[in-house]
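Observations on chain architecture
Here are the chains, one letter per residue:
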Amino acid sequence: TEESLESTERFIQSVRGLGSELVHPVVTPRFIPSCSMELLNGLGALADRYDCHVQSHISESLDEIAMVKSRYPHLKSDTTIFDTCGLLHDKTIMAHGVHLDDEDLRTLRQRGTSISHCPLSNFFFADGVLPTAKIVALGNKVALGTDVAGGYSPSMLNSMRNAVIAHQVTRNFAPIKSDELLDWRHAFHLATMGGAKALGIEGQVGTLEAGKSFDAVLLDAARGGIDVWDSDSSMHLLEKLINLGSEVNVAMVWVKGRLVHKQGEAVLIDDPVPLQAMEDTSSAPYTYGVC
């Protein structure tokens, strides 16, 4: 435990020493079953001392919950443990949360802690589906994730599609049908502004607005076999891209106004790239910029 805490502190100091605007240290207890209470308390203290973001997994599956209960029978839930150890605050993002109850969700709201919804991963092992629309309606912050190793795809487009499917699953099998809606537009919000709010950087990114960093992806709907028509509106194109798109449709990527990816080539340009660069795409009428 002592060695883990020392190496974590060195990592935080090393990353902070980079002086980067983009790369920040994140305190990451894997999940409660792999951490002792002493380690969790120490990580909470480090996160507080260095004002770091925290990420972990919470109430993700029935077997994980049973394992935690067997080790800490006197503590109610994952939420109780993380909170006791000082790991829940407005810079914390917790993945999954499929089995959080109303009391847990209230605690997360009070602490400003966000939930990262990983629908594809949840389908594989979570023994349930996150009731995303309900949780958003309660006022909890929810972003969209992929849990890379927990599913077959790291694509946020796939995650958006699976978020919609997961919502339909919860709605179809609910004892009382809900009027709560979660469609591709809501999934798009979770993947963009939802993520920005979860990280506490919604004033910098998440939408394409004057004064924010130009972090953007240019998607080309004419690539990859998607049918496009002259009558398609911008919203129709975006809907098609979210439901049918893949990495093939990614024409350009900007980070803080700098072009870092163009038509399959990795590039790094020192100076910010003007928006007119989008005119270089071969199928401009069918492109759509997203943040």
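All of the points below concern the structure found in this document. (Residues numbered from 1 in each chain as written. Predicted model: local features only at pLDDT ≥ 70, side-chain atom pairs only at ≥ 80, totals over all residues. Heavy atoms only, no water.)

We now examine the environment of Arg-161. Note on placement: Arg-161 falls in helix α8 (residues 156–173). Placed 81 residues apart in sequence, Arg-161 and Ile-242 show a C-alpha to C-alpha distance of 7.2 Å. A distance of 2.6 Å separates the side chain of Arg-161 from the backbone oxygen of Ile-242, its partner in a polar contact. (Helix = DSSP H or I, 4+ residues; strand = E, 2+ residues; numbered from the N terminus. Polar contact = N/O pair within 3.5 Å; in protein donor to acceptor, adjacent residues only side chain to side chain.)

One open sheet accounts for five strands, arranged β1-β2-β3-β4-β5; its pairing is parallel. The open sheet has two edge strands with one neighbour each: β1 (26–27) and β5 (141–144). In terms of strand pairing, strand β2 (residues 53–58) meets strand β3 (residues 92–96) through five bridges, oriented parallel. What sits directly across from Gln-55, in β3, is Ile-93. Sheet strands touched by α8: β4 (114–117) and β5. Its angle to β5, the strand with the most contacts, is close to 125 degrees. (Pairing = 2+ DSSP bridges. Contact = heavy atoms within 4.5 Å. Axes fitted to C-alpha atoms, helices over the stretch in contact; angles between N-to-C directions.)

Below, the discussion takes up the packing of helix α9 (residues 184–191) against helix α11 (residues 234–244). The N-to-C vectors of α9 and α11 enclose an angle of 75 degrees; their axes lie 10 Å apart at closest approach. Taken together, α9 and α11 sit at an angle that is classed as roughly perpendicular. Contact residues: Trp-184, Arg-185 and Phe-188 in α9; Met-235, Leu-238, Glu-239, Ile-242 and Asn-243 in α11. Across the contact of α9 with α11, the residue classes tally to five nonpolar, one polar and two charged. (Parallel < 35°, antiparallel > 145°, perpendicular 65-115°, else oblique. Nonpolar A, V, L, I, M, F, W, Y, C, P; charged D, E, K, R; others polar.)

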